[in-house]
Amino acid sequence: MSSQKLTAAVSNYGGLGSFGAHGLKPEAIREVIREIKGITSKPFAMNLWVSMEDEGTLTSTEEAFHRSLSPLTKHIESVGGDLPSYRPYEPIRFEDQVQVLLDEGIPAFSFIYGIPSKQILNAFHHKGISLIGTATTVDEAIALERAGVDVIAASGFEAGGHRGSFLQSSEDSLTGTMALVPQVVDAVRLPVVAAGGIGDARGIVAAFALGAEGVQMGTAFLACEESGASSLHRKAILSGQAKQTALTRGFTGRLARGVKNRLLDNFNEKDIEILPYPLQRALVRHISIPAEKAGQIELLPLWAGQSASLSRHTDVRTLLDTLVKETSGIGEAVQSWSARRQREGVLE
Ligand SMILES: Cc1cc2nc3c(=O)[nH]c(=O)nc-3n(C[C@H](O)[C@H](O)[C@H](O)COP(=O)(O)O)c2cc1C
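These lines cover the structure that appears in this document, whether it is placed above or below.

Scoring rules and cut-offs
One numbering rule holds for all chains: residues counted from 1, following each sequence as written. Local features in this predicted model are restricted to residues of pLDDT 70 or higher, and side-chain atom pairs are both shown and tallied only at a pLDDT of 80 or more, whereas totals for entire chains, interfaces and linings draw on every residue. Excluding hydrogens and water, the side-chain figures rest on all heavy atoms present in the structure. Nearness of a residue to a molecule or strand requires only that one of the residue's heavy atoms be within 4 Å of it. Counting of polar contacts relies on pairs of N or O atoms within 3.5 Å, with two restrictions inside protein: one atom must be capable of donating a hydrogen and the other of accepting it, and residues adjacent in sequence are counted only when both atoms are side-chain atoms. Note on areas: these come from Shrake-Rupley sampling with a 1.4 Å probe, and a residue is covered only by the protein chains present in the view. Think of it this way: any DSSP run of H or I at least four residues long counts as a helix, any run of E at least two long counts as a strand, and we number them from the N terminus. Residues were grouped as follows: Ala, Val, Leu, Ile, Met, Phe, Trp, Tyr, Cys and Pro as nonpolar; Asp, Glu, Lys and Arg as charged; and all remaining residues, including Gly, as polar. Classification of residues uses two cut-offs on accessible area relative to the type maximum, computed with a 1.4 Å probe and protein chains only: under 20% is buried, over 50% is exposed, and between them is partly exposed. A right-handed crossover is one whose linking path, passing over the helix from the first strand to the second, runs clockwise when the strands point away from the viewer. At least two bridges found by DSSP between two strands are what make those strands a pair. In this description, a line fitted to the C-alpha atoms serves as the axis of each element, helices being fitted only across the stretch in contact, and the angle between N-to-C directions of two axes falls anywhere from 0 to 180 degrees. Here is the rule for angles: anything less than 35 degrees is roughly parallel, anything more than 145 is roughly antiparallel, 65 through 115 is roughly perpendicular, and the remaining ranges are oblique. Handedness of a crossing follows from how the near helix is turned relative to the far one, being left-handed for an anticlockwise turn of less than a right angle and right-handed for a clockwise one. Any pair of residues with heavy atoms lying within 4.5 Å of one another is described as a contacting pair. The pairing test for Phe, Tyr and Trp rings, Trp by its six-membered ring, is centres within 6.5 Å, and the orientation test on the planes gives stacked under 30 degrees, edge-to-face over 60, and tilted for anything in between. Nonpolar core, defined: a set of buried Ala, Val, Leu, Ile, Met, Phe, Trp, Tyr and Cys residues in which side-chain atoms within 4.5 Å join the residues together. A pair is scored as a salt bridge if a Lys or Arg side-chain nitrogen falls within 4 Å of a carboxyl oxygen belonging to Asp or Glu.

### Structural notes on the site of the ligand
Okay, so step 1: Taken together, 17 residues lie near the ligand, and Asn 47, Gly 197, Gln 216, Gly 218 and Thr 219 sit nearest.
Okay, so step 2: A distance of 2.7 Å is found between a nitrogen atom of the ligand and a side-chain nitrogen or oxygen belonging to Asn 47.
Okay, so step 3: Separating an oxygen atom of the ligand from a backbone N or O atom of Gly 197 is a distance of 2.7 Å.
Okay, so step 4: Isolated, the ligand exposes 600 Å² of accessible area, and the fraction of that covered by the protein chains is 87%.
Okay, so step 5: Broken down by secondary-structure element, the contributors of at least two residues to the shell around the ligand are strand E2 (44-49) and helix H9 (219-222).
Okay, so step 6: Across the shell around the ligand, the residue classes break down as eight nonpolar, eight polar and one charged.

### Considerations on the pairing of strand E5 (residues 151-155)
Okay, so step 1: Counting buried residues in E5 gives four out of five residues, a clear majority hidden from the surface.
Okay, so step 2: Handedness of the crossover joining strand E4 (residues 130-135) and E5 through helix H6 (residues 138-147): right-handed.
Okay, so step 3: Two elements, E5 and strand E7 (residues 192-195), share four bridges in a ladder whose sense is parallel. Bridging across to E7, Ala 154 finds its partner in Ala 194.

### What to know about the packing of helix H3 (residues 62-78) against helix H12 (residues 279-294)
Okay, so step 1: Orientation of H3 relative to H12, taken along the N-to-C sense of each, is 20°, at an axis distance of 10 Å. When the interaxial angle is binned, H3 and H12 end up roughly parallel. Regarding H3 and H12, the two cross each other, and that crossing is right-handed. The residues of H12 that touch H3, namely those facing Phe 65, Ser 68, Leu 69, Leu 72, His 75 and Ile 76, are Gln 280, Leu 283, His 286 and Ile 287.
Okay, so step 2: Considered class by class, the residues forming the contact of H3 with H12 number six nonpolar, four polar and no charged.

### Section: the packing of aromatic side chains
Okay, so step 1: Under the criterion given, the structure shown has seven aromatic pairs.
Okay, so step 2: Where Phe 251 meets Trp 303, the ring centres are 5.0 Å apart and the plane angle is 80°; that geometry is what we call edge-to-face. Within this pair, whereas Phe 251 is found in the loop between strand E9 (245-248) and strand E10 (256-259), its partner Trp 303 is found in the loop between H12 and helix H13 (316-343), the two being separated by 52 residues in sequence.
Okay, so step 3: Look at Phe 251 and you get buried, because its relative accessible area is 1%.
Okay, so step 4: By relative accessible area, Trp 303 is classed as buried at 17%.
Okay, so step 5: Put simply, the rings of Trp 49, Tyr 113 and Tyr 277 touch in pairs and so form one group of aromatic residues.

### What to know about the nonpolar core
Okay, so step 1: In terms of nonpolar packing, the biggest core is built from 53 residues, with Met 46, Leu 101, Phe 109, Phe 124, Ile 152 and Phe 221 touching the most fellow members.
Okay, so step 2: Counting residues per element, this core draws most heavily on helix H4 (residues 94-104), which supplies five residues.
Okay, so step 3: In terms of nonpolar packing, the next biggest core, distinct from the first, is built from 33 residues, Leu 69, Ala 223, Ala 229 and Ala 256 among them.

### Re the pattern of salt bridges
Okay, so step 1: Counting across every chain of the model gives eleven salt bridges.
Okay, so step 2: The partner of Glu 27 in a salt bridge is Arg 30, and the shortest N-O contact between them spans 3.2 Å. Linking Glu 27 with Arg 30, this pair stays in helix H2 (residues 26-39), spanning three residues, or about one helical turn.
Okay, so step 3: Here Arg 67 ties to Glu 273 by a salt bridge, and the two come within 2.8 Å at their closest N and O atoms. Here the residue Arg 67 occupies a position in helix H3, and Glu 273 occupies one in the loop between helix H11 (262-267) and H12, the gap between them amounting to 206 residues.
Okay, so step 4: Classification of Glu 273 by relative accessible area gives partly exposed; the value is 36%.
Okay, so step 5: Within the structure, one salt-bridge network assembled from shared partners comprises Glu 27, Arg 30, Arg 34 and Glu 104.

So, in C-alpha cells, the structure goes:
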C-alpha cells in the first residue's frame, strides 16, 4: 500500500514518511528511492523485511501449490480471473536490496522480521543512516537495542498488515500496544515509537502517556488518496465493514491483520492449506487483481488494523492537520484539568 506520493506527503508535512519495499527487486527499489527524492527533500525511511522467506519455501512443491489454489479456484473463476499455473520460486536477496539502500543513500532504514547482520548495521551507521528496528515483544526490543539500532518501533497486535515477530512465532507474540509499549520503555534506553491501533489524537496522547516518544501509524493513511490502496480498499476502510478485523496467514503466508470478509474467513477455515511466505502472497495476487477489476470487495485482501473504523480523512494534509490540532487540544485539556485539581487541593 506504500506509494512514493504517500511517503513524500508525510515527510513534506514534517513526519517521517516510510516506504515498504520488501517485495521489490533491487532495481525497482533504486527507482522508488530516486522518485521519492524527486518529490521531497525531507527525511524519509525505506522499510525491508530481514527474513525474506519462511522455512519450507524453497522446498515447497507443485502439489502444495495446487492444494492451496484449490479453495481459491471458485473465487478466481467467479470474478473472471485466469487460473494460475505453477512457477518455481525466484528468491530476492535481502543483501541485494540492502546494497541499493546503501548505494542510493537514504535518511532512515527501518526493518521488521529480524535484525540484519552486524556488518550490515555498521554499513548503515557508517553512512549516517538512522536505524529503526521493530519489536513485537520485550525480548525483541532488548535484542534490537543490543544490536545497536537507534530507535525501536514497538508494534502491538492491533496493527494492520504484518508486525514482524522474529524471536517467537507471531501467534506467540500477540501483545497489545497498551501493554507492550510501557514494558518496552522500561526495558530499553532507546527512544520507543508506539505502533498499532493508533487511529486518532486520543491514541497519540495515550502512546505518549505510556512513555513512547513518537507514534507510527499505518491504517489511518490507507484511506488517504495518496496511498497505494485501491479505491475499493479505501471505501471498505471508510465504511462500517472495517469495524471487524481479524488475523490470517492466508493473505501472504505470514500472520497479518485485515478487514473480515469472505476471503479472510475462507482462509481461516479448518483444513485450508496456506503456502509459506512469500509463495502464498504470489498466489493471492491471482484473486486480488481480478477481484479488484470486478469490484468484488468480499474477495480482496483488505489490509487494516483494529482502528480502521476511526478513519475519517482522505488526504494526508487534512489527516495530519487534524492529528496535530486534536493532540494539542487533548494535551491542553489534560494540563488545565490537573491545574484545576491542584488548585482544589486534590492533587499534590
Ligand atoms: C497495509 C499495510 C502494510 C504494511 N506493511 C508494512 C511493512 O511492509 N513493513 C513494516 O514495517 N510495517 C508495515 N505495516 C505496519 C505499519 O508500519 C505500522 O506499524 C502499523 O500500520 C501501525 O498500526 P496501525 O495499522 O494500527 O496504524 C503495514 C501496515 C499496513 C496497514
